[in-house]
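# Examining the three-dimensional arrangement
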Amino acid sequence: TIVENASLFHSTQRKPRLSQFDRPEREAIMKRWALSTLSLLITPAVTNAVTGKGPTGVHPINDRYLAVVDSSIDSILIVDGNAAGAVVGHLVLHDRNNDPSDADAHIGGHEPLSSWINPISISTCDECKHLFITSPDTMYRVALERPLAIMAQNHDFSALNTKSTVREFWPNNWSQKYKGDGLLRMVSVAPDGSSAYVSHSKGGVFSFDPLEPVETSEKAKHAIHVGDAGIDEQEINGIHHTHSLKNLVLTSSKYVHIVKLKDDTGVNPLDDGSVTAYRLPLDYHCDYLYGGNKMTFMDTVIINDYAFVLGHPIERGIHNGVALYRLTWDEDQEQWHDCVQVAGSGVEAADWVDGTGKEARFSMTPHDIALLPSMTSHTIVVADVDNRALRYVDVTGAVETGDQTQGVSVTSVAYNEDLFMVLYKKEEPWTTLSPETVMKTDGKSYYHSGEKGIMNLNYEDAQEECSRVGIGRICTLPEIRARFARGQYPTVSGDDNSWSTVWTNEQCSSCHLEQPGSCAVDGPDSWGQGYKMVAHFSPKHGLRMQCSDASVQKKAMSMCCGLGGPAVMNAESSSPAKTAPAPAPSPATQSAEAAKTAGISLGVLLPVVLMAVAFGLFMRKRAKPAWWPKMFRKDMREETGHAPHREVDLRGRDYI
């Protein structure tokens, strides 16, 4: 059944015309048409088969942790979105006997590793004891000791690497002709485990039971064939359950098909072989943005009355960095309309830039997006393949206000700290590292809080400020993460209720990889050398990174890392306070102290106990040091990923 006039979703043939816009808007649209057409004409043609190696699939476990499959390292990673992408768990998918013998040979990603799994998507449910992964040729199930949701509640993912097994999974009711043809695509599992589906580019959609994933399951079947309910032969890529679990969203290169999963009685029509779908023609609604140039689309998520779609224009095989578009459902007219671009360019070359929506730039290979589960905001996660990073696109304003697309912002979750070398380089110091330990680097830091600490700084200014005071350099991202976890970072008001922004030494450089490996960052095909990451400490969002032009000044604070000196700079002075060393005790004094120690009595112990109790009461509402017993801690460190903000004294007694 094809439903074209449904009460919830509807495909319309209405297209906005220039006459509907006022003069400034018409001029802006015409300018975009001219620029995009010129760009498409002068850009050299490339192949359509652009895939890339990196984070090909993402599954938000909760509003903090995300499970990522990265094909550049053939691994599952658990990423902490509150800590700027710190990896807190991992699992290598292939047999470690098939690790590369020479990691350096894979710099640039030119050498294939045929024995690797090559994952492209990942999903699971809250109670599932399996993770489900697809590759272009087949599907895999990863048996877990306990569900990922339970690991996230306990903030402990150590069992993922030590107690998980990877097995191929192809149910008996799935036709063998689709196995190994290179056209298997994405997987989506309902959070409650009620259903699970896998898309095949030319075959349609297959179902399976995520709670009992056995090959003999009767729930495993060819649920949707190409041709059912108007689902045509356009290549199917994206697949997602809607938040209500009442529909399944399929994205092909030209259409979104919204398939009913619950009828009025709560029964899933697909279980009985009945397919009801609503069709939304994406290129028909959106290609006016680029003067009628043809477009292609990869994935779609629906938030309330809005469909957010990942795509870009394509002409003669040209692929540029992707963009994110929003379409609106009009309940009164029962139709979709107003395709607007909310993030990215779509016509400019691949890049890595954060900021407001239309200023942001993505690579050309993302094909999976997901919704971050949150009660306070609407954030779309883009698995930005060629940038080897996750991108958070905050569309809260675009959803809550309807027409306010200017409020969209893009930040980065940059988890890739040379992970290919960490996992596969067979030399020290690489052999002593793991994806988890390389994320944080301890050491001493220097900063000053308060409004007087806010300055207009670009990257060079920040480095000069660190050099001027003679204590260190700009911090790296692992150093920033370690300090954030300890609660040591500058703030305007000196507490957790204010923001902080500091420059870091982390580059926003990346490249396209055709095969597993790592980028030669200074190579001729790389991008982003002029951009650095800016760290934003936020009480609401934790630690977020923003790739910014290193030459542009930002309102930021000075934060430096290095050796020696105090742990905090005085906001009123650029030079640290000096304290004269205490004189060494004389032998006579030492003997007297020894005699006192030998004569400890109850009269001494009782005041000590009382002092300990008083100290405990004093610290009850204050930030606790790392050694403080967890049973007495109430500062939410486990839940937020960082200790509350705290300043340290100028004598340097409290170093990171």
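Residues numbered from 1 in each chain as written. Predicted model: local features only at pLDDT ≥ 70, side-chain atom pairs only at ≥ 80, totals over all residues. Heavy atoms only, no water.

On to the state of the cysteines. On inspection of all chains with the given rule, the structure shows six disulfides. Note that Cys508 is cross-linked by a disulfide to Cys547, the S-S spacing being 2.2 Å. Sign of the S-S torsion, about -100° for the bond between Cys508 and Cys547, identifies this disulfide as left-handed. Highlighted residues: Cys508 in the loop between β30 (500–507) and β31 (531–538) and Cys547 in strand β32 (residues 542–549), separated in sequence by 39 residues. (Disulfide = S-S within 2.5 Å. Helix = DSSP H or I, 4+ residues; strand = E, 2+ residues; numbered from the N terminus.)

For the rest of this paragraph, the subject is the pattern of salt bridges. As enumerated under the stated definition, the model contains 16 salt bridges in all. Across the pair Asp156 and Arg146 runs a salt bridge, and its minimum N-O distance is 4.0 Å. One end of the pair, Asp156, is in the loop between α2 (148–154) and α3 (158–162); the other, Arg146, is in the loop between β8 (139–143) and α2, and 10 residues separate them in sequence. With a shortest N-O distance of 2.8 Å, Arg473 and Glu479 are connected by a salt bridge. A relative accessible area of 33% places Arg473 in the partly exposed class. Through salt bridges with shared partners, a single network forms among Glu145, Arg146, Asp156 and Lys163. (Salt bridge = Lys/Arg side-chain N within 4 Å of Asp/Glu carboxyl O. Buried < 20%, exposed > 50% of the residue type's maximum accessible area, 1.4 Å probe, protein only.)

Read across the open sheet, the three strands follow the order β27-β34-β29; overall the sheet is antiparallel. Each edge of the open sheet is held by one strand with a lone partner, namely β27 (444–447) and β29 (473–474). Of the strands in this sheet, β27, β29 and β34 (559–562) are in contact with helix α8 (residues 477–486), which crosses β34 at around 105°. (Pairing = 2+ DSSP bridges. Contact = heavy atoms within 4.5 Å. Axes fitted to C-alpha atoms, helices over the stretch in contact; angles between N-to-C directions.)

Turning our eyes to something else, we now look at the confidence of the model for the chain. Model confidence for the chain is summarised by a mean pLDDT of 83, while 79% of its residues fall at 70 or above. pLDDT under 50 marks residues 1–22. Its contacts with residues more than four places away, or in other chains, come to 61 contacts. Here residues 28–50 is a poorly scored stretch, pLDDT under 50, and it has 36 contacts once near neighbours within four places are set aside; other chains count. (pLDDT = per-residue confidence, 0-100.)

Another point: α8. Since the α-helix advances by 3.6 residues per turn, residues separated by three or four positions end up pointing in the same direction. Most of α8 sits inside the fold, with nine of its 10 residues counted as buried. Taken as a whole, α8 has its buried residues at Leu477, Pro478, Glu479, Ile480, Arg481, Ala482, Arg483, Phe484 and Ala485. Trailing α8 by a residue or two, Gly487 shows a phi angle of about 80°, which is positive.

With that out of the way, let us pick up the sheet that holds β8. The strand order β6-β7-β8-β9 describes an open sheet built from four strands, whose pairing is antiparallel. What marks the edges here is a single partner per strand, and that holds for β6 (121–123) and β9 (165–168). Adjacent strand axes in the sheet meet at a mean angle of 25° when their direction is disregarded. Two elements, β8 and β9, share four bridges in a ladder whose sense is antiparallel. If you follow Ala143 over to β9, its bridge partner there is Thr165.

Our focus in this paragraph is the environment of Asp80. When you line up the elements, Asp80 lands in strand β4 (residues 75–80). Owing to a relative accessible area of 4%, Asp80 belongs among the buried residues under this scheme. Those residues within four positions of Asp80 in sequence are excluded, and the remaining contacts are Arg64, Tyr65, Gly85, Ala86 and Val88.

There is about 1300 Å³ of room inside the largest pocket. Every residue lining the largest pocket is counted, 48 residues in all, and those nearest its centre are Pro191, His241, Thr242, His243 and Leu371. Where the lining of the largest pocket is concerned, the elements lending two or more residues are β2 (55–60), β6, α2, β10 (184–189), β14 (236–241), β15 (247–252), β18 (295–303) and β23 (369–372). (1 Å grid on protein atoms, 1.4 Å probe; cavity = no way out; pocket = protein on both sides within 12 Å on 5 of 7 lines; lining within 4 Å. Points joined across faces, edges and corners; volume = space filled by probe spheres on them.)

As a rule of thumb, soluble globular proteins bury nonpolar side chains together. One finds Val58, Leu390, Tyr415, Leu419 and Tyr424 to be the most contacted residues of the largest nonpolar core, which totals 29 residues. The set of elements that each furnish at least two residues to this core consists of β3 (65–70), β4, β5 (86–92), β23, β24 (379–384), β25 (389–394) and α6 (419–424). Here this core takes six residues from α6, the largest share from any one element. The residues touching Leu390, leaving out its near neighbours within four places in the chain, are Pro55, Val58, Leu66, Val68, Val381, Val382, Ala383, Thr411, Ser412, Val413 and Tyr415. In terms of nonpolar packing, the next biggest core, distinct from the first, is built from 24 residues, Ala84, Trp527, Met557 and Cys561 among them. (Core = buried A, V, L, I, M, F, W, Y, C linked by side-chain atoms within 4.5 Å.)

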